[in-house]
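Remarks on the overall topology
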Amino acid sequence: MSNNNQNLRFEGSIWCNLDIALRSMDQYFRQHIQPDDITVIEWYILRALYEEDGRHASELARAVGRAATSFTPNLDKLQQKGWVERRPDEADRRAVRIYLTDKARQIREDVLESAKRLDGQLSDMFVDNEFENFSKVLGALQSLAGD
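Residues numbered from 1 in each chain as written. Predicted model: local features only at pLDDT ≥ 70, side-chain atom pairs only at ≥ 80, totals over all residues. Heavy atoms only, no water.

Some thoughts on helix H4 (residues 72-80)
- Taken together, the buried positions of H4 are Asn-74, Leu-75 and Leu-78. Summarising the axial view, the buried residues of H4 lie within an arc of 95°, below the 170-degree limit, and thus occupy one face.
- Looking at the buried positions of H4, the neighbouring elements they touch are helix H2 (40-51), helix H3 (57-63), strand S2 (84-88) and strand S3 (96-100).
- Phi turns positive one or two residues past the end of H4, at Gly-82, with a value near 85°. (Buried < 20%, exposed > 50% of the residue type's maximum accessible area, 1.4 Å probe, protein only. Helix = DSSP H or I, 4+ residues; strand = E, 2+ residues; numbered from the N terminus. Arc of directions from axis to C-beta. Contact = heavy atoms within 4.5 Å.)

Structure, rendered in structure tokens:
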């Protein structure tokens, strides 16, 4: 990776530059995810359900790094688009589990292949062990909130 320190803003402010990088990556992902009629958060929700279908909504929110209290609109949109369905939890009727529909299962390979391709493109930006170090930094930053 080339030395991009000269491109950092506000004297290298970590938060500001992470925010800018995140917005840039979000825009990049919006342009390259498959299928192209879903949003980035919907794409991540589908990926989480491909790993484990039938999760509680709160577990699913945590899996994609969102607050459970504001997650319902994401599920509403996915349900309206026909990608997921809500079912009562058999063990706890007050709880709801989220399941993939047949429509969502049919695009599984497209979603996973686009994820693999995008991850590969991003890791190719790094040289030697930079990507491994970058991944460690991301992991450490994700643990700051205690999740």
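Picking up after the structure, the text goes on.
Section: the packing of helix H1 (residues 14-32) against helix H6 (residues 108-123)
- Interaxial distance between H1 and H6 falls to 11 Å at its minimum, and their mutual angle equals 140°. What the angle tells us is that H1 and H6 run oblique. In this structure, H1 crosses over H6, and the sense of that crossing is right-handed. Of the residues in H6, those in contact with Met-25, Tyr-28, Phe-29 and His-32 of H1 are Ser-114, Arg-117, Leu-118, Gln-121 and Leu-122. (Axes fitted to C-alpha atoms, helices over the stretch in contact; angles between N-to-C directions. Parallel < 35°, antiparallel > 145°, perpendicular 65-115°, else oblique. Left-handed = near helix turned anticlockwise from the far one by under 90°.)

A short note on the pattern of salt bridges
- Scanning the model with the defined rule gives 13 salt bridges in all.
- Between Glu-42 and Lys-81 there is a salt bridge; the shortest N-O distance is 2.8 Å. Within this pair, whereas Glu-42 is found in helix H2, its partner Lys-81 is found in the loop between H4 and S2, the two being separated by 39 residues in sequence.
- Across the pair Arg-55 and Glu-51 runs a salt bridge, and its minimum N-O distance is 3.9 Å. (Salt bridge = Lys/Arg side-chain N within 4 Å of Asp/Glu carboxyl O.)

Here's the deal with the nonpolar core
- Trp-43, Ile-45, Leu-46, Leu-60 and Trp-83 are the most contacted members of the largest nonpolar core, which totals 27 residues.
- Listing elements by their share of this core, those giving two or more residues are H2, H3, H4, S3 and H6.
- Counting residues per element, this core draws most heavily on H2, which supplies 8 residues.
- Other than its neighbours up to four places away in sequence, Leu-46 contacts Ile-38, Trp-83, Val-84, Leu-100, Ala-104 and Ile-107. (Core = buried A, V, L, I, M, F, W, Y, C linked by side-chain atoms within 4.5 Å.)

A short note on the side chain of Asp-89
- Along the chain, Asp-89 falls in the loop between S2 and S3.
- Not counting chain neighbours up to four residues away, the residues in contact with Asp-89 comprise His-56, Ala-95, Val-96 and Arg-97.

As for the sheet that holds S2
- Reading across the sheet, the 3 strands line up as S1-S3-S2 and stay open at both edges, with antiparallel pairing between neighbours. Bordering the open sheet on either side are strand S1 (55-56) and S2, each of which pairs with just one other strand.
- In this structure, S2 lies alongside S3, joined through 5 bridges in antiparallel fashion. Among the inter-strand pairings, Arg-86 is bridged to a residue of S3, identified as Ile-98.
- H2 rests against S1, S2 and S3 of the sheet, and its axis sits at about 95° to S3.
- Against the sheet, H4 makes contact with S2 and S3, and its axis sits at roughly 115° relative to S2, the strand it touches most. (Pairing = 2+ DSSP bridges.)

Here's the deal with the packing of aromatic side chains
- A full pass over the atoms with the stated rule returns 6 aromatic pairs.
- Both rings, one in Phe-131 and one in Phe-134, keep their centres 6.5 Å apart while their planes meet at 40°; by these two values the pair is tilted. Taken together, the residues span about one helical turn, with Phe-131 and Phe-134 both in helix H7 (residues 130-142) at a distance of 3 residues.
- Phe-131 sits in the partly exposed class, given a relative accessible area of 32%. (Phe/Tyr/Trp six-rings, centres within 6.5 Å; stacked < 30°, edge-to-face > 60°.)

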